[in-house]
Amino acid sequence: MAGLIGTVTLNLALDVTYEVDELRVGGSHRVDRIRRRAGGKGVNVARVAATLGHQALVLGFVGGVTGELVAEELFDAGLTALLTPIAGETRRTVAVVNDVDGDATIFNEAGPVVSADEWRAFGDRMPWGRLGVLACSGSLPPGIPVDAYAELAVRARHHDVLSVIDAGGDALKAAAQAGAVVRANAAELRAAVGNVEVEEGASELVALGATAAVITDGPRGMVAASKKGVWRASPVETVRGNPTGAGDACTAVVAAAVAEAPEPDWSVVLKSAVAASAAAVLTPVAGDIDLAAYRRWQPQVTVN
């Protein structure tokens, strides 16, 4: 049986989603449809993993009244969490989704300052013996070292746990050099390795030391690279909706595959990752996927 998927969200948030008939910049809007729940990319990963039948553990920091609301919502959602308390107040994010085209406008607070002692306490509480994989994603709160994900990946390897890290730019390169499976979108990839084709950039990350690289490429699909080759998966159809959770759905699939086998068949993983990402776009809130659409599309995705 695959080990537990530990999802690291160093900048946990209370996500607030407003649905409006039409978003008008500079206008006044009456909001009748509001959703509030625990958020952050790692939480979204945990939600999708759980929906797909895997066990996940949410790891992160919480502080203040907002942190209490986040912890309560995780419990109510049936998600297991191991949360490290901090002095600062957990952040909020606001997403405004308009009904005209389903596009989302996102407002992200920076997050609370995390002290060196709080960061050390987080690392000391990691349940390495229970984890099959460590999935790290999302922004870093102030006070956390810029190479935090790479540091966690190195520590994980000391405990024979492989990491899946969703990052961009220098953090993506550092994660690759730490030997993690790395995941990014095409823009994040190019911020790290320059203006190259996605296949070439993914291979460069593997050359830097990444176990594998999975890169989302918008409507063109998805690319995976490892020392065994490079694969591109093409989506079944163009999907319109809320794209904010699509990358997190991909990370959940990749993490689940790595938890089951350190060297999975990436052609098979890509089929599931593309289908899950598209199925996430159909849902109004990040962290959810349309399970029926996922099951319908997964066998139809083509991989070369």
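Rules and cut-offs
Residues numbered from 1 in each chain as written. Predicted model: local features only at pLDDT ≥ 70, side-chain atom pairs only at ≥ 80, totals over all residues. Heavy atoms only, no water. Pairing = 2+ DSSP bridges. Helix = DSSP H or I, 4+ residues; strand = E, 2+ residues; numbered from the N terminus. Right-handed = clockwise from strand over helix to strand, strands pointing away. Salt bridge = Lys/Arg side-chain N within 4 Å of Asp/Glu carboxyl O. Buried < 20%, exposed > 50% of the residue type's maximum accessible area, 1.4 Å probe, protein only. Contact = heavy atoms within 4.5 Å. Axes fitted to C-alpha atoms, helices over the stretch in contact; angles between N-to-C directions.

Focus on the pairing of strand 5 (residues 80-85)
Then, in step 1: Here 6 bridges tie strand 4 (residues 56-62) to strand 5, and the two strands are oriented parallel to one another. If you follow Leu 57 over to strand 5, its bridge partner there is Thr 80.
Then, in step 2: In this view, the connection linking strand 4 to its parallel neighbour strand 5 by way of helix 2 (residues 64-76) has right-handed handedness.

Section: the pattern of salt bridges
If the charged atoms of two oppositely charged side chains come close together, the side chains can form a pair.
Then, in step 1: In this structure the tally under the stated criterion is 13 salt bridges.
Then, in step 2: Between Arg 35 and Glu 19 there is a salt bridge; the shortest N-O distance is 2.1 Å. Here Arg 35, found in strand 3 (residues 33-39), pairs with Glu 19, found in strand 2 (residues 13-20); they are 16 residues apart in sequence, far enough to count as distant.
Then, in step 3: Look at Arg 35 and you get partly exposed, because its relative accessible area is 34%.
Then, in step 4: Of the charged contacts, one joins Asp 166 and Lys 41 as a salt bridge, the two residues approaching to 3.6 Å between their closest N and O atoms. One end of the pair, Asp 166, is in strand 9 (residues 162-166); the other, Lys 41, is in helix 1 (residues 41-51), and 125 residues separate them in sequence.
Then, in step 5: Given a relative accessible area of 4%, Asp 166 falls into the buried group.
Then, in step 6: Three or more residues are tied together by salt bridges with common partners; here these are Glu 19, Asp 21, Arg 33 and Arg 35.

Brief notes about unusual backbone geometry
Then, in step 1: A positive phi angle is found at Asp 160, which is not glycine, with a value near 60 degrees.
Then, in step 2: Owing to a relative accessible area of 74%, Asp 160 belongs among the exposed residues under this scheme.

Quick word on the sheet that holds strand 12 (residues 222-226)
Then, in step 1: The sheet built from 10 strands is open, its strands ordered 5-4-1-8-9-10-11-12-13-14 with mixed pairing. Each edge of the open sheet is held by one strand with a lone partner, namely strand 5 and strand 14 (302-303).
Then, in step 2: Bridge count between strand 1 (residues 4-9) and strand 8 (residues 131-137): 5 bridges; the pairing is parallel. When the bridges of strand 8 are listed, Gly 6 appears paired with Leu 134.
Then, in step 3: Sitting on the sheet, helix 4 (residues 148-158) is in contact with strand 1, strand 8 and strand 9, with an inclination near 165 degrees to strand 9.

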